[in-house]
Amino acid sequence: MSEHVLSSKMYYGIWIALMILTVVTARVAFIDLGPFNTVVALVIATGKALLVVLFFMHVKYASEKLVKMVIVASIFWLLLLLLLSLADYGTRYARHG
Amino acid sequence: MATAVITPERENYLNQEYGIKSWLLTVDHKRIALLYLVSITFFFFIGGFFALLIRLELLTPAGDLVQADTYNKLFTMHGQVMIFFFLIPSIPAVLGNFLVPLMIGAKDLAFPRLNLLSWYLYIIAGALMLHCICTGGVDTGWTFYTPFSTAFSNTKVVEAGVAIFIAGFSSILTGLNFVVTIHRMRAPGMTWDRLPLFIWAHYATSVIQLLGTPVLAITLLLVVFERVFHLGIFDPTRGGDPLLFQHLFWFYSHPAVYIMILPAMAVESEVIACFTRKRIFGYKFVAMSSIAIAVFGFLVWAHHMFVAGISLYSALIFSALSYLVAVPSAIKVFNWTATMYKGSITFTTPMLYAFGFIGLFTMGGLTGLFLAALGIDVHVTDTYFVIAHFHYIMVGGAVMGYLGGLHFWWPKISGRMYPEWLGKFAALIVFLGFNLTFFPQFILGYMGMPRRYWQYPPEFQVLNVLSTAGSTILAVGYVLPMVYFLWSMRYGKPATENPWNAAGLEWKTSSPPPTFNFDQPPVVDFEAYDYEHIPEVEEVPVG
Ligand SMILES: [Cu+2]
């Protein structure tokens, strides 16, 4: 296993970044951005998830094939969940001929 | 018998250490498998007890034995206990735990302590579930559908949800352990195309456990949060969508059926190869069909929601995709029968279970196709047709596979032979009892008897009486093996290293195996199921 030891400073830094982003999400929720309300919230959430996955879960420094495989599979499965659910949500109120 | 020379008992995983601590703190995958065996058997009989109460209530059309509220709790807890505390862990956590390292020539799983942790998580979850049952229980149905579970039910939804949440982590850890073990711990020469099909099927199962279970966990957590903090994820008056729950729930719970059935298929491939003395026909196709089932299984979930109000377009897509899963399942069934063709078949107990599995799984699978068809599904949704269908898969398929596997590897696990004639007798009772219980339910469902009611119109009574009679026979068939397995641990004939003259690494070590499985690290220079190279013994020594 390739152990890449991260300094504790790094961990605290990431943690503070996550906290700041949480505050930003909460603040933005009170500003009406129209159709961008959801978009902005999701962009921030995705950024936070990336920070957690890359640093807290050490994926940025993963060199093993098995780990990469798990990541690719997880993202693919997440897409399955989202896309096939949207097959319903995207067409639920469509009018049938 | 000539071989009955008394030798001092070899050191093995059972007699190496004694005492309660040596079991509760063990990291030996074989001992953890036995811990699981005892615990899931306990829950199997609890779930079975609920099933018998349900069948007794349905003996007569009137609601007389229990009231509607109690009946709702009975079928809910029957489902939750049987699915999350018996079927999901059954084959993987018991037989898989015991056999995966042995079959690939490893000393143990990759993470032995994680393995023990998974059992403790299971026990914590089980204790919570028992507490929930004893203090009132749940009545939402095992499916926890919103908005009933989040806004209306006044039973212990939160506790049951948390229990299953924890049990989910136990299942994830088992899957994680298997994936890493199969990638990393194979003996020299054990290439991917030499892996027993048992391993391929468990690999596919583990992928589902790893990628599906977190979705169930977060979904149950959302139900709990919505119930406690009134979040509004599923509540339409707060902008939520009750159907979102069903999407998320079935994203896991349809593939969960494959967590139950793939390991049963894993068992059948080993048993059928051994008792037909042939290599499994189309090895690569059977191996790949396991992977295909794991992937396709995630593309079909909304077939549980056809009448729930999803869009017609998505219903069409999910209906078509549902047919896709039939292909890899059929590949397996056809290849097993092709393996038997011109094989030299012995009708041992595990083989009887394998025959039972093939027949019952086929019926369960084909009626699944009826349900995948949009038009028919509208007619039979939430009727006993559905109940019969999934019991043919989960009891006729998964439980048959589990029992067959337990008999096949019992000599390896316990070092003793079970009484063969009693085994065959019990297998026949299980088969007859099963069909008598569940076949009438196909007809009842087709005639329109809805599921989840404690009373029914009198014209349905004859078939319900048959079903209840069958369930008592089935119960005898399940109690018998437990009795003679326990008996055999003390009085059974000592098992040789390889009593079935089977191929596979697990049969190349002593019965029961030593703590680290093999005296010499094995090197593999043969294909899986190379039965043409295994010399015939005069007779398979069966008791
Ligand atoms: Cu399904």
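What counts, and at which threshold
- Residues numbered from 1 in each chain as written.
- Chains lettered and ligands numbered in written order.
- Predicted model: local features only at pLDDT ≥ 70, side-chain atom pairs only at ≥ 80, totals over all residues.
- Heavy atoms only, no water.
- Helix = DSSP H or I, 4+ residues; strand = E, 2+ residues; numbered from the N terminus.
- Rg over C-alpha atoms; globule rule 2.2 N^0.38 Å.
- Buried < 20%, exposed > 50% of the residue type's maximum accessible area, 1.4 Å probe, protein only.
- Contact = heavy atoms within 4.5 Å.
- Areas by Shrake-Rupley, 256 points an atom, 1.4 Å probe, with all protein chains shown as cover.
- Lys, Arg positive; Asp, Glu negative; His and termini not counted.
- Charge placed at Lys NZ, Arg CZ, Asp CG, Glu CD.
- Donors = N, O, S within 2.8 Å, 3.2 Å for Na, K, Ca; no water.
- Phe/Tyr/Trp six-rings, centres within 6.5 Å; stacked < 30°, edge-to-face > 60°.
- Axes fitted to C-alpha atoms, helices over the stretch in contact; angles between N-to-C directions.
- Parallel < 35°, antiparallel > 145°, perpendicular 65-115°, else oblique.
- Nonpolar A, V, L, I, M, F, W, Y, C, P; charged D, E, K, R; others polar.
- Expected span 1.5 Å × (residues − 1).
- Core = buried A, V, L, I, M, F, W, Y, C linked by side-chain atoms within 4.5 Å.
- Buried area = accessible area lost by both parts, 1.4 Å probe.
- Salt bridge = Lys/Arg side-chain N within 4 Å of Asp/Glu carboxyl O.
- Polar contact = N/O pair within 3.5 Å; in protein donor to acceptor, adjacent residues only side chain to side chain.
- Left-handed = near helix turned anticlockwise from the far one by under 90°.

(A) Region of the structure containing the overall build of chain B. When its secondary structure is counted, chain B shows 15 helices and 0 strands. Relative to its length of 543 residues, chain B is compact, with a C-alpha radius of gyration of 23 Å against a globular reference of 24 Å. Every one of the 543 residues in chain B was classed for burial, and the buried ones make up 60%. Looking at chain B alone, contacts between residues at least 24 apart form 83% of all its contacts between residues at least 6 apart. Of the roughly 20,900 Å² that chain B leaves accessible, carbon and sulfur atoms contribute 71%. The average position of the 28 basic charges and that of the 30 acidic charges among the side chains of chain B differ by 5 Å.

(B) Structural detail: the coordination of the copper ion. Residue and element names in this part refer to chain B. Listed as protein donors to the copper ion are His254 (ND1), His303 (NE2) and His304 (NE2); their distances from the metal cover 1.8 to 2.0 Å. One chain supplies every donor to the copper ion, and in sequence these donors are spaced H-x48-H-H. Here His254 is found in helix α8 (residues 242-276), whereas its partner His303 is found in the loop between α9 (283-296) and α10 (312-340), with 49 residues between them in sequence.

(C) Fine view of the packing of aromatic side chains. All names here are of chain B. Tallying each qualifying case throughout the model produces 51 aromatic pairs over all chains. Consider the rings of Phe357 and Phe361, whose centres lie 5.5 Å apart with planes at 5°: the pair is stacked. On the criterion of helical spacing, the pair formed by Phe357 and Phe361 is a turn pair, its members being 4 residues apart in helix α11 (residues 349-372). The same class applies to Phe357 as to Phe361, namely buried. Both rings, one in Phe408 and one in Trp500, keep their centres 6.1 Å apart while their planes meet at 15°; by these two values the pair is stacked. One end of the pair, Phe408, is in helix α13 (residues 384-414); the other, Trp500, is in the segment after α15 (461-491), with 92 residues separating them in the sequence.

(D) Representation of the packing of helix α7 (residues 197-229) of chain B against α9 of chain B within the structure. All names here are of chain B. Between α7 and α9, the shortest axis-to-axis distance is 8 Å and the interhelical angle comes to 10°. Taken together, the axis directions place α7 and α9 in an arrangement best described as roughly parallel. From α7, Leu197, Trp200, Ala201, Tyr203, Ala204 and Ile208 reach across to α9, where they touch Tyr283, Val286, Ala287, Met288, Ser290, Ile291 and Ala294. Tallied by class, the residues present in the contact of α7 with α9 amount to 12 nonpolar, 1 polar and no charged.

(E) Region of interest: helix α6 (residues 157-184) of chain B. For α6 of chain B, with 28 residues, the first-to-last C-alpha span of 41 Å sits near the 40 Å given by 1.5 Å per residue. The buried fraction of α6 of chain B is high, at 22 of 28 residues.

(F) Spatial organisation of the nonpolar core. All names here are of chain B. In this structure, Phe85, Leu95, Phe198, Phe357, Phe408, Trp409 and Trp500 are the most contacted members of the largest nonpolar core, which totals 188 residues. At 23 residues, α8 tops the list of elements feeding residues into this core. When residues no more than four places from it in sequence are discounted, the contact partners of Leu95 are Ser90, Val100, Phe198, Val267, Tyr402, Gly405, Leu406, Trp409 and Ile413.

(G) Main features of the interface of chain B and chain A. Taken together, the contacts link 28 residues of chain B with 18 residues of chain A. Here chain B and chain A share an interface that buries about 1,900 Å² over both sides, 73% of which is from carbon and sulfur atoms. Contact with chain A buries area across many residues of chain B, yet Arg184, Leu211 and Tyr313 of chain B alone supply 25% of it, more than any other trio. One can count 2 salt bridges joining chain B with chain A. Between Asp241 of chain B and Arg92 of chain A there is a salt bridge, with the nearest N and O atoms lying 3.3 Å from each other. Applying the counting criterion to the chain B and chain A interface returns 7 residue pairs in polar contact (both at pLDDT 80 or more). Elements supplying a minimum of two residues to the side of chain B that touches chain A: α6, α7, α8, α9 and α10 of chain B.

(H) Broad picture of the side chain of Ser253 of chain B. If you trace the backbone, Ser253 of chain B turns up in helix α8. Not counting chain neighbours up to four residues away, the residues in contact with Ser253 of chain B comprise Trp142 and Leu216 of chain B.

(I) Here's a closer look at the packing of helix α3 (residues 68-104) of chain B against α13 of chain B. Residue and element names in this part refer to chain B. Remark: α3 packs on α13, axes separated minimally by 11 Å, with the N-to-C direction vectors making an angle of 35°. Considering only the axes of α3 and α13, their crossing is left-handed. Residues Tyr71, His78, Ile83, Phe86, Leu87, Ser90, Ile91, Val94, Leu95, Phe98, Leu99 and Met103 of α3 pack against Tyr384, His391, Met394, Ala398, Val399, Gly401, Tyr402, Gly405, Leu406, Trp409, Lys412 and Ile413 of α13. For the contact of α3 with α13, a count of residues per class yields 18 nonpolar, 5 polar and 1 charged.

(J) Spotlight on unusual backbone geometry. Residues and elements named next belong to chain B. In this model, Thr146 is joined to Pro147 through a cis peptide bond whose omega is 0°. Within the element layout of this structure, Pro147 appears in the loop between α4 (112-134) and α5 (148-152). Each neighbour pair has its own omega, and for Ser511 with Pro512 the value is -10°, a cis peptide bond. With respect to the secondary-structure elements, Pro512 resides in the segment after α15.

Spatial relationships are all this shows, so hold off on functional conclusions.
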